[in-house]
Each structure stands twice: as structure tokens, then as C-alpha cells.
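# Architecture and fold: a report
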Amino acid sequence: MEAILYICHGSRVEKARLEAVSFINECINQHPASIQEYGFLELAEPSIEEAFANCVKRGAEKIIVLPVLLLAAMHVKEDIPKELKRIQQRFPFIEIKYGDPIGVHDYMIDILKERIAETGETDIENSIVLLVGRGSSDPGVKRDLSSIADRLKIKTGFPAVEVCFLTAASPGLEEGLEIAGKSRYKNVLIIPYLLFTGILMKTIRRSISTLSRDAGKQFILCNYLGYHPRIGDILQQRAAELSEGASHVSSHA
């Protein structure tokens, strides 16, 4: 019997955990698989191992593991596979299919367009968009977020869409805000490329509040991505690919 295991990042902030659980429960309700569980990589429970064991306890012989993470950084490439490899030593008879993260997908551009529309800002020609990513030492993260920025620029017509990062990559948040602030654009639309609220959102708000307000310059903080239904659609696609054996991912972590 086939099971789906959703892996979320986890957070010390209770609201962030509740957002993740609510979203995963919606995904579970939309998918026909009879065995579906979720676990957290860190900072929340259940753990990946606990969730995996629950799948086995419910009769799973094959487990599709879906990382509910935005981009393919160290968590996706190293931390989760390492944990799955350790867990499989405990359950050697279980087949594991490990999926890709959310990644660069047209649906993510749709979500970004919604976040911009929510601000009510329509003066596109005089606006610059700044995507704020979590950041990683993995160069693929910068490449992927830049690709998303390019797609957003094409689909919306904004004259400039730039990226910056909260940690481990450049330009950093402060530098990104400074560059946008010194640009010729009157409005700076800042979109946190984050799935959930928490400490990182507080960091962004604090940085914006300390900016000197130049005459005619407006800094507009958009909502973070959140667990949007479109992300649920992407996860459904990932599950279907793995269930049909169409994925390039190895059948064992």
C-alpha cells in the first residue's frame, strides 16, 4: 500500500506550526491516498521518523516523501535524505520515493501576483519589486529565486524585480533595501518569499521600519507567500509523478 509523507520545516512560533498543519490537512483531504502523514524537519513535532513510523504502522509498503519546502537548498539535498537513509535502516522493507521541493513553478508566479494585487498598488511603471528569500550557501537557491524574479517581471510588466536574502547569500536584506531605496522608483514592493510567519517576518518588518523615508519614496511590505492552495496543487503534481514512476528521483533515499 502507498503512503504520502509531507515534510515541513518547523518553527518555534506556534502560529507557523498551526498554519503548516492546517495546510497539510487540506492537502490530505484533496488526495485519495488512504495513508497520509506529516512530520517536521526541526523545531516541531511529530518528527520525520515518527511520521514515517505512523505510515508503516498503518500498512504502508511504499512511502512518497514530499518536502513542503520552497527551494532545493541543504535541507532538501542533504538533511532530509540523510534522515531518510537513517530511518530506512529501521524499515529496510519499505520503498521510499523522494520528491522535489516546490521549486521554480508558474503557480508560484501566480501567488506573487496575488500578493502584489493585495496591496492595491497599480503604478507599475514607478515601482520596483524586491523578493526576499530565506537564503542558503547553495548557489542553486540564488539561481532559482532569480529565475522566479525574471518570470514575475515578464508576467507583470514591472520594470525591475530584484532579489535579496535574509541569510547566507548576497545581497543581504539591508543591501537589497538600500539598492531599491536608491533606485529611481517611487514605490518599493517587498515580498517575503516565505511559507510561514515567524522570526524572519519580524526581521523584515524591523529592517523596513528603520529605513529613512526619502521624499516620495514608499516602502510597501506585501504578505508572505503562505500555504496557498496553488502550492497544494504543486504537491499533488509531485505525488502523481512519483506514484506513476515518472520522477527522476531515485526510488530510495
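These notes cover the structure that comes with them.

This part takes up the pairing of strand β7 (residues 187–192). Among the six residues that make up β7, six are buried, leaving the element largely enclosed by the rest of the structure. With burial as the criterion, each face of β7 is covered, one bearing Asn187, Leu189 and Ile191 and the other bearing Val188, Ile190 and Pro192.

A few words now on helix α6 (residues 173–182). When α6 is considered as a whole, its buried residues turn out to be Leu173, Gly176, Leu177, Ala180 and Gly181. Looking straight down α6, one finds its buried side chains confined to an arc of 130°; they lie on one side. Taken together, the buried residues of α6 touch β5 (127–133), β6 (160–165), β7, α7 (199–209) and β8 (218–221).

Here the focus is the packing of aromatic side chains. Under the criterion given, the structure shown has four aromatic pairs. Site record: aromatic cluster; members linked through ring pairs are Phe52, Phe91 and Phe93. The ring of Tyr107 has Arg230 lying over it, and the distance from NZ or CZ to the ring centre is 4.0 Å.

Counted by the stated rule, this structure contains 13 salt bridges. Across the salt bridge formed by Asp233 and Arg230, the nearest N and O atoms sit 3.7 Å from each other. Within this pair, Asp233 and its partner Arg230 are both found in helix α8 (residues 229–243), separated by three residues, close to a single helical turn. Its relative accessible area of 29% is what places Arg230 among the partly exposed residues. Among the ionic contacts, a cluster of salt bridges with common partners joins Glu49, Glu83, Arg86 and Arg90.

Parameters and conventions
Residues numbered from 1 in each chain as written. Predicted model: local features only at pLDDT ≥ 70, side-chain atom pairs only at ≥ 80, totals over all residues. Heavy atoms only, no water. Buried < 20%, exposed > 50% of the residue type's maximum accessible area, 1.4 Å probe, protein only. Helix = DSSP H or I, 4+ residues; strand = E, 2+ residues; numbered from the N terminus. Arc of directions from axis to C-beta. Contact = heavy atoms within 4.5 Å. Phe/Tyr/Trp six-rings, centres within 6.5 Å; stacked < 30°, edge-to-face > 60°. Lys NZ or Arg CZ within 6 Å of the ring centre and 35° of its normal. Salt bridge = Lys/Arg side-chain N within 4 Å of Asp/Glu carboxyl O.

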